[in-house]
Amino acid sequence: MTTKQIEATILGQSYRLACSPETEAALLEAVARVDAEMSKIRSMSNIRGTDRIAVMAALSLASELLKLQQSVRHGEAFPAEEIRRTMRQMNDKLGAVLDQHEAL
């Protein structure tokens with residue numbers, strides 16, 4: 001697996017990160033999300049230390065993740081891959097029924 005280096009900026013601080021070419025887009029999206037959350041916390045509170053802002057952002061994002069996981073467990077939300085898999089299965093079944101109908 002090839003690894004590449006990317007430059008990312010979070011809260012004005014530059015970071016060099018390693019990732020595979022396949023995961024670069026997801027990593028950049030995560031960087032943008034973390035940067036946005038940290039910037040929001042810095043602008044909306046009197047917290048000034050970067051380490052404290054990072055902890056608050058981590059707690060906020062973890063809380064968001066836990067709420068999403070709970071809604072998935074309770075059937076209120078479905079992971080995209082599960083929806084895609086179900087749609088493929090339904091399309092396969094529908095295709096089989098149509099093939100049988102055309103054969104008659």
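Residues numbered from 1 in each chain as written. Predicted model: local features only at pLDDT ≥ 70, side-chain atom pairs only at ≥ 80, totals over all residues. Heavy atoms only, no water.

(A) Broad picture of the pattern of salt bridges. Enumeration according to the criterion identifies 5 salt bridges in this entry. For Arg33, the salt bridge is made with Glu37, and the minimal N-O distance between the two is 3.1 Å. Here Arg33 pairs with Glu37, and both are found in helix 1 (residues 24-44), just 4 residues apart, close to one helical turn. Between Arg33 and Glu64 there is a salt bridge, with its nearest N and O atoms 2.5 Å apart. With Arg33 in helix 1 and Glu64 in helix 2 (residues 50-73), the pair connects residues that are 31 residues apart, well separated along the chain. (Salt bridge = Lys/Arg side-chain N within 4 Å of Asp/Glu carboxyl O. Helix = DSSP H or I, 4+ residues; strand = E, 2+ residues; numbered from the N terminus.)

(B) Seen up close, a nonpolar patch on the surface. A contiguous nonpolar surface patch, about 270 Å² in accessible area, is contributed by Val55, Met56 and Leu59. Tracing the sequence through the fold places Val55 in helix 2. (Patch = residues over 30% accessible without salt bridge, like charges linked within 9 Å, V, L, I, M, F, W, Y side chains within 5 Å. Areas by Shrake-Rupley, 256 points an atom, 1.4 Å probe, with all protein chains shown as cover.)

(C) Region of interest: the nonpolar core. The biggest cluster of nonpolar side chains holds 8 residues, and these are Ala8, Ile10, Leu11, Val31, Met38, Ile41, Ile53 and Ala57. Breaking this core down by element, the ones donating at least two residues are strand 1 (4-10), helix 1 and helix 2. By residue number, the principal contributor to this core is helix 1, which donates 3 residues. Those residues within four positions of Ala8 in sequence are excluded, and the remaining contacts are Gln13, Ser14, Tyr15, Leu17 and Val31. (Core = buried A, V, L, I, M, F, W, Y, C linked by side-chain atoms within 4.5 Å. Buried < 20%, exposed > 50% of the residue type's maximum accessible area, 1.4 Å probe, protein only. Contact = heavy atoms within 4.5 Å.)

(D) Representation of the pairing of strand 2 (residues 13-19). Where strand 1 and strand 2 come together, 7 bridges link them in antiparallel fashion. Looking at strand 2, one finds that Gln5 is bridged to Ala18. (Pairing = 2+ DSSP bridges.)

(E) Molecular detail of the side chain of Glu37. On the basis of relative accessibility, which here comes to 4%, the residue Glu37 falls in the buried class. Looking at Glu37, its side chain comes within polar contact range of the side chain of Ser60, at 2.7 Å. Once residues within four sequence positions are removed from consideration, Glu37 is found in contact with Ala57, Ser60 and Leu61. (Polar contact = N/O pair within 3.5 Å; in protein donor to acceptor, adjacent residues only side chain to side chain.)

This is a description of form; function is not addressed.
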